[in-house]
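Inside the fold
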Amino acid sequence: MSTVTAGTPATDPWLAQTVRIAGITDEIEGVATYHLDFADASAAGSFSFRPGQFNMLYLPGVGEAAISISSDPLLHGTLDHTVRIAGQVTTELARAGVGATFGLRGPFGSSWPIDECLEGDVILVTGGIGLAPLRPAIYELLNRRTEFGNVTLLYGARHPFGLLYSAEYDDWQANGVDVNTTVDRASPAWQGNVGVVTQLLDRMPVADPERTSVLCCGPEVMMWYTARSALGRGIPKERIWISLERNMNCAIGLCGHCQFGPTFVCKDGPVVRYDRVSQYLRVEGF
Ligand SMILES: Cc1cc2nc3c(=O)[nH]c(=O)nc-3n(C[C@H](O)[C@H](O)[C@H](O)COP(=O)(O)OP(=O)(O)OC[C@H]3O[C@@H](n4cnc5c(N)ncnc54)[C@H](O)[C@@H]3O)c2cc1C
């Protein structure tokens with residue numbers, strides 16, 4: 001009898017399970033969240049994931065794309081993926097309606113180090129659609145809220161209409177996540193911060209840097225500046241984690257498409273400790 005560990009595919013990792021779109025939430029322009037059900041009840045029962053992991057969504061005749069899981073890891077039965085229209089697979093997905101079926105392989109990859117954040121403060125720094133892979137981490141921190149110190153979300157978007165999941169912020173704030181947003185360009189109605197998200201990190205108090213963890217997802221240049229700011233505030237390099245993104249094909253470390261220095265983003269990442277990849281982030285062309 002085989003044992004299924006949380007966060008590893010329950011079946012052959014090449015085998016796609018059939019999923020059905022149970023609902024679609026339009027988030028911001030060009031971005032929607034797909035709520036997926038498994039066609040096979042036993043597949044639904046054996047599927048579990050950890051925050052930060054991703055699935056390969058397979059549209060027959062079109063291709064496959066790596067998409068992070070954006071739902072609460074405690075919710076079983078329905079799985080969310082928040083998708084921005086980029087190329088072939090995501091465009092075709094955007095044309096699919098409720099009831100459409102396609103394939104899903106996963107879950108793959110590493111996860112946010114929630115247990116390493118225990119008892120300390122946690123700062124989540126993200127931009128744009130980078131909040132999608134961090135949303136399951138926010139849910140897990142909320143589900144286990146008493147086990148952590150201060151939890152702060154610093155989230156930036158180009159403009160106010162680019163902020164994902166804004167309907168949830170009040171709930172997150174009320175349950176112990178300090179939500180701070182900023183935009184590059186304000187609209188006339190915007191009353192909040194203007195400027196890049198790293199400025200929020202530069203300005204916020206960090207009471208106990210040695211026990212503070214930073215979880216960051218966004219464009220590489222943003223993650224580089226975030227890490228620089230965090231290090232400048234005295235947060236140890238071992239406590240800074242980022243999520244990498246690369247075009248990938250197999251998702252199990254065989255094809256080499258997503259190789260990043262000695263790291264395969266699909267199996268060693270996407271979540272990696274910053275100091276293990278920082279030298280590659282600074283190489284021009286990466
Ligand atoms: C771990 C991981 C998690 C991810 N999570 C999410 C998520 O939650 N939501 C989300 O929306 N996206 C996510 N992505 C990004 C997503 O996988 C890519 O955008 C994917 O390429 C979309 O597939 P597609 O077929 O629609 O686009 P593609 O056809 O792959 O095209 C995407 C873009 O890349 C360009 N492109 C494609 N191939 C090449 C190439 N060989 N050379 C140069 N340019 C190329 C295209 O012109 C286009 O602009 C994630 C990626 C990774 C690795």
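Before any of the text, the structure's been laid out above.
Residues numbered from 1 in each chain as written. Predicted model: local features only at pLDDT ≥ 70, side-chain atom pairs only at ≥ 80, totals over all residues. Heavy atoms only, no water.

Topic: unusual backbone geometry
Rule in force here: Think of it this way: any DSSP run of H or I at least four residues long counts as a helix, any run of E at least two long counts as a strand, and we number them from the N terminus.
Note that the residue after glycine 106, namely proline 107, is joined by a cis bond; omega there is 0°. Checked against the element boundaries, proline 107 lands in strand E6 (residues 101–108). A positive phi angle, close to 55°, is found at tyrosine 165, a residue other than glycine. As for its placement among the helices and strands, tyrosine 165 is situated in the loop between strand E8 (151–157) and helix H4 (169–174).

Digging into the site of the ligand
Definition in use: Nearness is judged by heavy atoms alone; a residue qualifies as near a molecule or strand once a single heavy atom is within 4 Å of it. The term polar contact refers here to a pair of N or O atoms within 3.5 Å; inside protein, the definition further demands a hydrogen-donor-capable atom paired with an acceptor-capable atom, and it admits residues adjacent in sequence only when both atoms are side-chain atoms. A 1.4 Å probe and the Shrake-Rupley method give the accessible areas. Residues count as covered only by the protein chains that appear here.
Around the ligand, 19 residues are found, and the nearest of them are Ala66, Thr82, Arg84, Val89 and Thr90. Serine 68 is positioned such that a nitrogen or oxygen atom in its side chain is 3.1 Å from a nitrogen atom of the ligand. With respect to the ligand, the backbone of threonine 82 contributes an N or O atom lying 2.9 Å from a nitrogen atom. Alone, the ligand offers 960 Å² of accessible surface; in the complex the protein occludes 62% of this.

Some details on the packing of aromatic side chains
Rules: Between rings of Phe, Tyr and Trp, where Trp is taken as its six-membered ring, a pair exists when centres lie within 6.5 Å; planes separated by under 30 degrees are stacked, by over 60 edge-to-face, and by other angles tilted. Residue exposure (1.4 Å probe, protein chains only): buried if accessible area is under 20% of the type maximum, exposed if over 50%, otherwise partly exposed. Put simply, a charge is over a ring when the Lys NZ or the Arg CZ is close to the ring centre, within 6 Å, and near the line of the ring normal, within 35 degrees.
Within the structure shown, the criterion is met by five aromatic pairs. A centroid spacing of 6.4 Å and a plane angle of 85° characterise the contact between tyrosine 139 and tryptophan 172, whose relative ring orientation is edge-to-face. Highlighted residues: tyrosine 139 in helix H3 (residues 131–143) and tryptophan 172 in helix H4, separated in sequence by 33 residues. By the burial criterion, tyrosine 139 is buried, and tryptophan 172 matches it. Aromatic pair tryptophan 224 and tyrosine 225: ring centres 5.1 Å apart, planes at 85°, arrangement edge-to-face. Within the aromatic cluster, the residues linked to one another by ring pairs are Tyr139, Tyr169 and Trp172. Over the face of the ring belonging to tyrosine 165 we find arginine 135, whose NZ or CZ atom lies 3.9 Å from the ring centre.

What to know about the environment of isoleucine 129
The condition is simple: In this analysis, two residues are considered to be in contact whenever any of their non-hydrogen atoms come within 4.5 Å of each other.
Note that isoleucine 129 resides in the loop between strand E7 (121–127) and H3. The spatial distance from the C-alpha of isoleucine 129 to the C-alpha of glycine 156 is 9.8 Å, given a sequence separation of 27 residues. With residues near it in sequence (within four places) discarded, isoleucine 129 still touches Val31, Thr82, Val83, Arg84 and Leu164.

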